[in-house]
Amino acid sequence: MVRSFNEPFLPLVAPAGDEDEAQPSALTGRLPSYIADHRQRLRDRFMQAGGAALPDYELLELILFRAIPRQDVKPLARLLLDTFGDFNRVITASPARLQMVKGGGPAVVLELKLVEAAAQRMMRARVIQKPVLSSWDALLDYCHTAMAHRETEQFRVLFLDRKNVLIADEEQAKGTVDHVPVYPREIVKRALELNASALILVHNHPSGDPTPSDADLSMTHQVKDACDALGLTLHDHLIIGKSRELSFRSQGYL
C-alpha cells in the first residue's frame, strides 16, 4: 500500500548513545532545533569533505531530507540499509520494493530514483559516442552502475559503428531472477536500422555470479550466427555480476 510522506513516522527505537538520533514521532509546526542542527551539520560535513567522509546511512539521510522535510530520517536510512544491504542496492531497488519498507512513500521513491537516474546518465556520458576500446574501463563501470544490483535480469545491446564508436545503448528485454527472453532476429534488425557494424551484448546475473549458463552460451551463438549472416561483428558478451563481470571473448566462448 502506498504511503504518504506526511504520515506518522516509523515506530523505531534510536540506538543508545547516539546524540543526533531523534526519537520517532510525527512532527508538526516548526522543525525542532535538534533535528535542524543535525541536518545542518551533515550538510556542512558533506560540503567540506565530500561524500567519502560520510557513512552510507548519513549519505542516505541527505537524500531523504528533501523527501521528508519534517521528520528525523536517520531511522528510515538505517532501515533501508538493513533491508537491502548497502547504499547501491537501496538506490537501485525497484519502486515496488522500496514502498514495501515502512516509511518508503512516493516522495522517498522519487528522490532515490532521481539519484539512480543521475548516476546512470553521468556514467553513460563517459562512453556514448566514444571509441569502445579506448574507454573499456568506463564502459564496464557504466554497465555495473546500470545493472549490477538489479533484482531481475536485464538484457542490453551496445551498437557500434565501423570505428567501434558506441552509437547506441538499448535495453532489449527484462526477465525474471534467472531468465530473460532474447530474440536474435530483433537484435540484428535493430543493428541494421541504426546502421551499426558491430555489437556487444550485456546482461546481468542477479545471483551475483557471472558464470554463463548453458542458455547464455546457446543464445550468444545464435546471435553470433545471425550477425555473421548479415556481415555484423559480435565483439563480446558481458555478464555483469555483483562485484565482477565475465567477458565471453576473454574466456574463449567467442
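See above for the structure.
Reference entry: report on the structure contained in this document. All figures in this text were calculated on a predicted structure; none of them were measured in a lab. (Residues numbered from 1 in each chain as written. Predicted model: local features only at pLDDT ≥ 70, side-chain atom pairs only at ≥ 80, totals over all residues. Heavy atoms only, no water.)

Side note on the overall build of the chain
Working step 1: A count of helical and extended segments in the chain gives nine helices and five strands.
Working step 2: Listed N to C, the secondary structure of the chain is α-α-α-α-α-α-α-β-β-α-β-α-β-β in terms of helices and strands.
Working step 3: The buried share among the 254 residues of the chain stands at 46%.
Working step 4: Considering only contacts in the chain between residues 6 or more positions apart, those separated by 24 or more positions represent 61%.
Working step 5: Carbon and sulfur atoms make up 53% of the accessible area of the chain, which amounts to about 13,200 Å² in all. (Helix = DSSP H or I, 4+ residues; strand = E, 2+ residues; numbered from the N terminus. Buried < 20%, exposed > 50% of the residue type's maximum accessible area, 1.4 Å probe, protein only. Contact = heavy atoms within 4.5 Å. Areas by Shrake-Rupley, 256 points an atom, 1.4 Å probe, with all protein chains shown as cover.)

A short note on the pairing of strand β4 (residues 233–240)
Working step 1: In terms of burial, β4 is largely enclosed, as six of its eight residues are buried.
Working step 2: As a crossover connection, the stretch from strand β3 (residues 198–204) through helix α9 (residues 214–229) into β4 is right-handed.
Working step 3: Sheet topology note: the β4/strand β5 (residues 245–247) ladder contains three bridges and is antiparallel. Residue pairing in the sheet places Ile239 in a bridge with Leu246 of β5. (Right-handed = clockwise from strand over helix to strand, strands pointing away. Pairing = 2+ DSSP bridges.)

A short note on the environment of Phe248
Working step 1: Within the secondary structure, Phe248 sits in the segment after β5.
Working step 2: Of the residues examined, Phe248 reaches a relative accessible area of 1% and is grouped as buried.
Working step 3: Apart from the residues lying within four places of it in its own chain, the contact partners of Phe248 are Pro212, Asp216, Leu217, Thr220, Asp236, His237, Ile239, Tyr253 and Leu254.

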